[in-house]
Amino acid sequence: MAVKYELIKTCAQTGARLGRLHTPHGVIDTPTFMPVGTQASVKGMSPEELKTLGAQIILSNTYHLFLRPGHELVKEAGGLHRFMNWDRPILTDSGGFQVFSLSEMRKITEEGVQFRSHINGDKLSLTPESATQVQNALGADIIMAFDECPPYPAEYEYVKQSTERTSRWAERCLKAHSRSHDQALFGIVQGGMHADLRKQSALDLTSLDFPGYAMGGLSVGEPKHFMYEMLEETIPYLPGNKPRYLMGVGSPDALIEGSIRGVDMFDCVLPTRIARNGTLMTSQGRMVVRNAKYTNDFGPMDPECSCYACRNYSRAYIRHLIKADEMFGLRLTTIHNLHFLVNLMVQVREAIREDRLGTFREEFFEKYGMADN
Ligand SMILES: CO[C@@H]1O[C@H](CNc2nc3cc4c(=O)[nH]c(N)nc4cc3[nH]2)[C@H]2OC(C)(C)O[C@@H]12
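Residues numbered from 1 in each chain as written. Predicted model: local features only at pLDDT ≥ 70, side-chain atom pairs only at ≥ 80, totals over all residues. Heavy atoms only, no water.

Colleague: Explain the site of the ligand to me, please; I cannot follow it from the model alone.
Modeller: Neighbouring the ligand are 17 residues, the closest being Asp 93, Asp 147, Gly 217, Leu 218 and Ser 219. At 2.8 Å from a nitrogen atom of the ligand is found a side-chain nitrogen or oxygen belonging to Asp 147. Alone, the ligand offers 600 Å² of accessible surface; in the complex the protein occludes 77% of this. Split by residue class, the shell around the ligand holds eight nonpolar, six polar and three charged. (Near = heavy atom within 4 Å. Polar contact = N/O pair within 3.5 Å; in protein donor to acceptor, adjacent residues only side chain to side chain. Areas by Shrake-Rupley, 256 points an atom, 1.4 Å probe, with all protein chains shown as cover. Nonpolar A, V, L, I, M, F, W, Y, C, P; charged D, E, K, R; others polar.)

Colleague: Even after reading the chapter, I still don't get helix α7 (residues 156-176), so can you show me in this structure?
Modeller: Residues three or four positions apart in an α-helix share a direction because the helix packs 3.6 residues into each turn. In this model α7 runs 30 Å from its N-terminal to its C-terminal C-alpha over 21 residues, within 8% of the 30 Å that 1.5 Å per residue would give. What α7 keeps buried is the set Val 159, Ser 162, Thr 163, Arg 165, Thr 166, Ser 167, Trp 169, Ala 170, Arg 172, Cys 173, Leu 174 and Ala 176. Residues of α7 that are buried sit in contact with β7 (104-108), β8 (113-116), α6 (128-138), β11 (184-189) and α8 (195-206). (Helix = DSSP H or I, 4+ residues; strand = E, 2+ residues; numbered from the N terminus. Expected span 1.5 Å × (residues − 1). Buried < 20%, exposed > 50% of the residue type's maximum accessible area, 1.4 Å probe, protein only. Contact = heavy atoms within 4.5 Å.)

Colleague: What should I look at first to understand the pattern of salt bridges in this one?
Modeller: A pair can form between side chains of opposite charge whenever their charged atoms are brought close. A full pass over the atoms with the stated rule returns 21 salt bridges. Taking the shortest distance from any N to any O, the salt bridge between Asp 355 and Lys 9 comes out at 2.8 Å. Note that Asp 355 is positioned in the loop between α14 (327-353) and α15 (357-368) and Lys 9 in strand β1 (residues 4-10), a separation of 346 residues in sequence. Note on Asp 355: relative accessible area 29%, which makes it partly exposed. Two residues, Arg 172 and Glu 129, come together in a salt bridge whose shortest N-O distance is 2.8 Å. Placement of the pair is Arg 172 in helix α7 and Glu 129 in helix α6, with a sequence separation of 43 residues. By relative accessible area, Arg 172 is classed as buried at 18%. Residues joined by salt bridges that share partners form a network here, namely Glu 232, Glu 257, Arg 261, Arg 361 and Glu 362. (Salt bridge = Lys/Arg side-chain N within 4 Å of Asp/Glu carboxyl O.)

Colleague: Before we go on, may I ask you to explain the side chain of Arg 198 in this structure?
Modeller: Position of Arg 198 among the secondary structure elements: in helix α8. In this structure Arg 198 is buried but unpaired, with Glu 222 as the nearest side chain of opposite charge at 7.2 Å. A polar side-chain atom of Arg 198 sits 2.8 Å from the main-chain carbonyl oxygen of Gly 192. Those residues in contact with Arg 198 that lie beyond four places of it in its chain are Val 189, Gln 190, Gly 191, Gly 192, Met 215, Gly 216, Gly 217, Leu 218, Met 230 and Thr 234. (Lys, Arg positive; Asp, Glu negative; His and termini not counted.)

Colleague: Is there a simple way to explain the packing of helix α9 (residues 224-234) against helix α10 (residues 252-260) in this structure?
Modeller: The relative placement of two packed helices comes down to the angle between their axes together with the axis-to-axis distance. Running from N to C, α9 and α10 point in directions that differ by 20°, and their axes come no closer than 10 Å. By the angle class used here, α9 and α10 are roughly parallel. Remark: the crossing between α9 and α10 carries right-handed chirality. Facing Lys 224, Met 227, Tyr 228 and Leu 231 of α9, the residues of α10 in contact are Asp 253, Ala 254, Glu 257 and Gly 258. Across the contact of α9 with α10, the residue classes break down as four nonpolar, one polar and three charged. (Axes fitted to C-alpha atoms, helices over the stretch in contact; angles between N-to-C directions. Parallel < 35°, antiparallel > 145°, perpendicular 65-115°, else oblique. Left-handed = near helix turned anticlockwise from the far one by under 90°.)

Colleague: It is not clear to me how the confidence of the model for the protein should be interpreted in this structure. Could you clarify?
Modeller: Low pLDDT means the predicted coordinates in that region are not meant to be read closely. Scored by pLDDT, the protein comes out at a mean of 96, with 99% of its residues at no less than 70. β7 is the least confidently modelled element of the protein, averaging 85 in pLDDT, while strand β14 (residues 265-267) averages 99, the highest of any element. Reported confidence for the predicted complex is 0.96 by ipTM and 0.97 by pTM. (pLDDT = per-residue confidence, 0-100.)

Colleague: When you look at empty space enclosed by the protein in this model, what are you seeing that I'm missing?
Modeller: A probe matching the size of a water molecule, rolled over the atoms, marks out where space remains unfilled. One pass over the structure, following the stated rule, counts one cavity of 30 Å³ or more. In this structure, the largest cavity is lined by Lys 160, Thr 163, Glu 164, Leu 197, Gln 200, Ser 201 and Asp 204. At the level of elements, α7 and α8 are the ones that each hand at least two residues to the lining of the largest cavity. Per element, the largest residue contribution to the lining of the largest cavity is four residues, and it comes from α8. (1 Å grid on protein atoms, 1.4 Å probe; cavity = no way out; pocket = protein on both sides within 12 Å on 5 of 7 lines; lining within 4 Å. Points joined across faces, edges and corners; volume = space filled by probe spheres on them.)

Colleague: What should I look at first to understand the packing of α10 against α15 in this one?
Modeller: Viewed as axis vectors pointing N to C, α10 and α15 meet at an angle of 170°, and their least axial separation amounts to 11 Å. Considering the angle they form, α10 stands roughly antiparallel to α15. Seen from above, α10 lies across α15 with left-handed handedness. Residues Pro 252, Asp 253, Ile 256, Glu 257, Ser 259 and Ile 260 of α10 pack against Leu 357, Phe 360, Arg 361, Phe 364, Phe 365 and Tyr 368 of α15. For the contact of α10 with α15, a count of residues per class yields eight nonpolar, one polar and three charged.

In structure tokens form, the structure reads like this:
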């Protein structure tokens, strides 16, 4: 059974919507936050721990797995689900963004991207065809079109050329996409911070009738209000019966603001990345648990949190583990941050169901603080 989006209801207070995304590996309640497992592992987390904290779907990455261990090995292992023992849905990003954020010596042409591996310097290339074939081999439920994420800031003319090329690449991905799997190929809208280019990109991609649409080229260092404006300029041109995925977004405020504007799917390395330096997302805002003031604090990281870490361990203990460079400390902060965002989306869905997401936003920001979290 392929990927199918079911719109349950729209929030009466905002443009948010409650949905269910049916995939070959299970149903996802949306809006949803997708933990990132770039190299076929959400750093430090077992599949059981991810299920316990409520992860419905996780991300992995074509660029990284293409470089190491190689998509042929993953295919030989029975595909990504088998390889990493994750039996729920997986989405793979297509590699374009990672080539630009990770590799050296990259050259972009109409054909695709040539680059050097950030691991061993090997000269490699990815094209719309090869990136699609790699994802077909990896076997994720949702795969992404191969695109270019223009840098921010960038000249209008550059963004225009790049976005038009991304639309041509999207068509090539569709042609290369093997129908033998039940995988859904999502298009990625680009257009930088320009409303006219965003509209054109959305029209180009929706004319190709993808089963879902991502908004790329955002969360690349632009002020958040630019990102929200681009959502408002793009979403009206996307079909209401298909999922919308905002790539690379994972702070609590942005998840709420994106949901209010009609986004259904989010992913970001933020929660797992900041957990590894002892920074926590809590109901009272961000907290750096390695801070000396928590030395004798025997309370939970977040008194309002029901995650495994907050139910069983104190700030003092977790601070000690991090200071002592004990692996368990970062596993506990990761469990907490992922649970925090997954649980935030449970609350967002509840608020949509009860037509009060606007009110929820005010209450949450009041407690969490408007700092850039
Ligand atoms: C807050 O985390 C930093 O911000 C980046 C996330 N922001 C992001 N925007 C994205 C855009 C695209 C896109 O246009 N196309 C494709 N295919 N994938 C994409 C993936 C993206 N992720 C993280 O990426 C780094 C590691 C640079 O810092 C993190």
